[in-house]
Amino acid sequence: MSTKKLLMIPGPIEFEPEVLKMMSVPTPSHVSPNFIESFGNSLDMMKDVWNCPSGQAFIIAGTGTLAMDIAGSNLIEPGDHALVVSTGYFGVRYAELLKRYGAEVTILNAPIGDIVPIDQVEEELKKKKYKLLTFTHVDTSTAVLNDPKPFGELGKKYDVLTILDGVCSVAGEEILQEDWGIDVVITASQKAIGVPPGLALLVASQKALSVWGKRKTPVGNYYADWSNWLPIMNAYSDRKPSYFGTPAINLILALERSLQIILNEGMEKRIERHRKVGHAFRSGLKVLGLDIIPVNENLAANTLSAPYFPKDVVGAEILNKILNEGVIVAGGLLPGINSQYFRIGHMGKVNVDDITTTLSAIESALFQHGFNIEKGACLETALKTL
Ligand code: PMP
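(A) Expanded view of the site of the ligand. The environment of the ligand is formed by 14 residues, the closest being Thr63, Thr65, Thr140, Asp165 and Lys191. In this structure, threonine 63 approaches the ligand through a side-chain N or O atom, which is 2.6 Å from an oxygen atom. In the model, an oxygen atom of the ligand is placed 2.6 Å from a nitrogen or oxygen of the threonine 65 side chain. Burial of the ligand by the protein amounts to 87% of the accessible area it has alone, namely 390 Å². Judged by the proximity of its atoms to the pocket grid, the ligand belongs to the second largest pocket.

Listed below in structure tokens is the structure:
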């Protein structure tokens, strides 16, 4: 029997074999013509995936937190006002991060499972001159989805730069960065982009670059400073060699392959597949009697689900039983309620088999725990929903 378990956490995810193959090719020089071509292709394709033809793409070795850091450190100067709209753990992280660069941060916290109403965001923007507004597309701690479009509109109306944390959304939720007028959309490789962990990925608008270009103080983070990276990205875009820090070569080869797979599928088709899978998965959870954190289905992400454990059970025991059924899911993350719920990622190459296997594993775990479960009913509903 295979010991391979199905990885259904919200990143890292199961990766395409063709992408993984690129991780083991002999590492070329970072200035070899073939690698320069791969880097340039990846930058070009990112703009298609982000739907931001006039944007500037950055590929930098690091994680999603570095991508947050790059956007924050380049756009904040000491004393700038920043508004963080938080739907969970990662909003709070952004507030802390921006303070390190001297920002005066105001944070609007959504109630658990909900969003901050956009009127409330606008009311806050009227109170003082903000330089920056950040929000999380899908907060991976709550599985709550924000609608980015009105944030982009507010950014334009109040002349505030907008940063979208798309770590758990890019390539799994609709992103129309240029149409929406979002200034920076960040992500990381290990989620719906479908590449092992290790790349910080972002696309910045020309407006963001122009605001950065007028800084009065140096960027407070040497590695993240766009002055170091912009010439490198421009060189790779022009298919020329350059160097600042050694790129994560195999990861970038894997990124090129994954972006090709994403664009070959087509963005609309891909987002629709994610939407269907997420919706079907949650319809199965409902049959199992599990409530989810998002307060309604419209606020539930395509890319992951966050169900509460049934009352009075020890969550860790259920997670263990799910693991014994061959599926790896994640525990809760939001401080205060983290032991009360768990998280299942369904993004990237996820398919119907993956979600039925996962629902079966959860069903078995609950059954073994003594819950009166009608066997197979959750699968039937999920498949019908599809
Ligand atoms: N933002 C969100 C929404 C995330 O889900 C994550 C990772 N789970 C991060 C930021 C941080 O990314 P990383 O773990 O790659 O640093």
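(B) Local environment of the layout of surface pockets. Each pocket or cavity is described by its volume, and for the largest pocket that value is around 450 Å³. Together, 26 residues line the largest pocket, and Leu145, Glu173, Asn298, Ala300 and Asn302 are the ones closest to its centre. Contributing elements (two or more residues each) for the lining of the largest pocket: helix 6 (148–157) and helix 11 (267–287). The element that contributes the greatest number of residues to the lining of the largest pocket is helix 11, accounting for six residues. When grouped by side-chain class, the residues that make up the lining of the largest pocket number 12 nonpolar, five polar and nine charged. What the second largest pocket holds in volume is close to 270 Å³.

(C) Up close: the sheet that holds strand 3 (residues 81–86). Read across the sheet, seven strands follow the order 2-10-9-8-5-3-4 without closing on themselves; strand pairing throughout is mixed. Looking along the sheet, the strands with just one partner apiece sit at the ends: strand 2 (56–61) and strand 4 (104–109). Strand-to-strand twist of the sheet, defined as the mean angle between neighbouring strand axes without regard to direction, takes the value 15°. The pairing of strand 5 (residues 132–136) with strand 8 (residues 161–165) spans five bridges and is classified as parallel. Counterpart to leucine 133 in the pairing with strand 8 is threonine 162. Sitting on the sheet, helix 2 (residues 33–49) touches strand 2 and strand 10 (199–204), and the angle it makes with strand 2 is about 125°. Its contacts with the sheet place helix 3 (residues 64–75) against strand 2, strand 5, strand 8, strand 9 (184–188) and strand 10, and it is angled at close to 155° to strand 9.

(D) Quick peek at the nonpolar core. Counting residues in each nonpolar core, the largest one holds 104 residues, and the members touching the most others are Trp50, Phe58, Val121 and Ile193. When residues in this core are grouped by element, the largest group, nine residues, is from helix 10 (residues 249–265). Other than its neighbours up to four places away in sequence, phenylalanine 58 contacts Leu43, Met46, Ala200, Leu201, Leu202, Ala204, Leu209, Trp226, Trp229, Leu230 and Met233. Core analysis: the next-biggest nonpolar cluster, separate from the first, contains 28 residues, Phe281, Leu288, Val327 and Cys378 among them.

Conventions adopted
- Residues numbered from 1 in each chain as written.
- Predicted model: local features only at pLDDT ≥ 70, side-chain atom pairs only at ≥ 80, totals over all residues.
- Heavy atoms only, no water.
- Near = heavy atom within 4 Å.
- Polar contact = N/O pair within 3.5 Å; in protein donor to acceptor, adjacent residues only side chain to side chain.
- Areas by Shrake-Rupley, 256 points an atom, 1.4 Å probe, with all protein chains shown as cover.
- 1 Å grid on protein atoms, 1.4 Å probe; cavity = no way out; pocket = protein on both sides within 12 Å on 5 of 7 lines; lining within 4 Å.
- Sits in = over half its atoms within 2 Å of the grid points.
- Points joined across faces, edges and corners; volume = space filled by probe spheres on them.
- Helix = DSSP H or I, 4+ residues; strand = E, 2+ residues; numbered from the N terminus.
- Nonpolar A, V, L, I, M, F, W, Y, C, P; charged D, E, K, R; others polar.
- Pairing = 2+ DSSP bridges.
- Axes fitted to C-alpha atoms, helices over the stretch in contact; angles between N-to-C directions.
- Contact = heavy atoms within 4.5 Å.
- Core = buried A, V, L, I, M, F, W, Y, C linked by side-chain atoms within 4.5 Å.
- Buried < 20%, exposed > 50% of the residue type's maximum accessible area, 1.4 Å probe, protein only.

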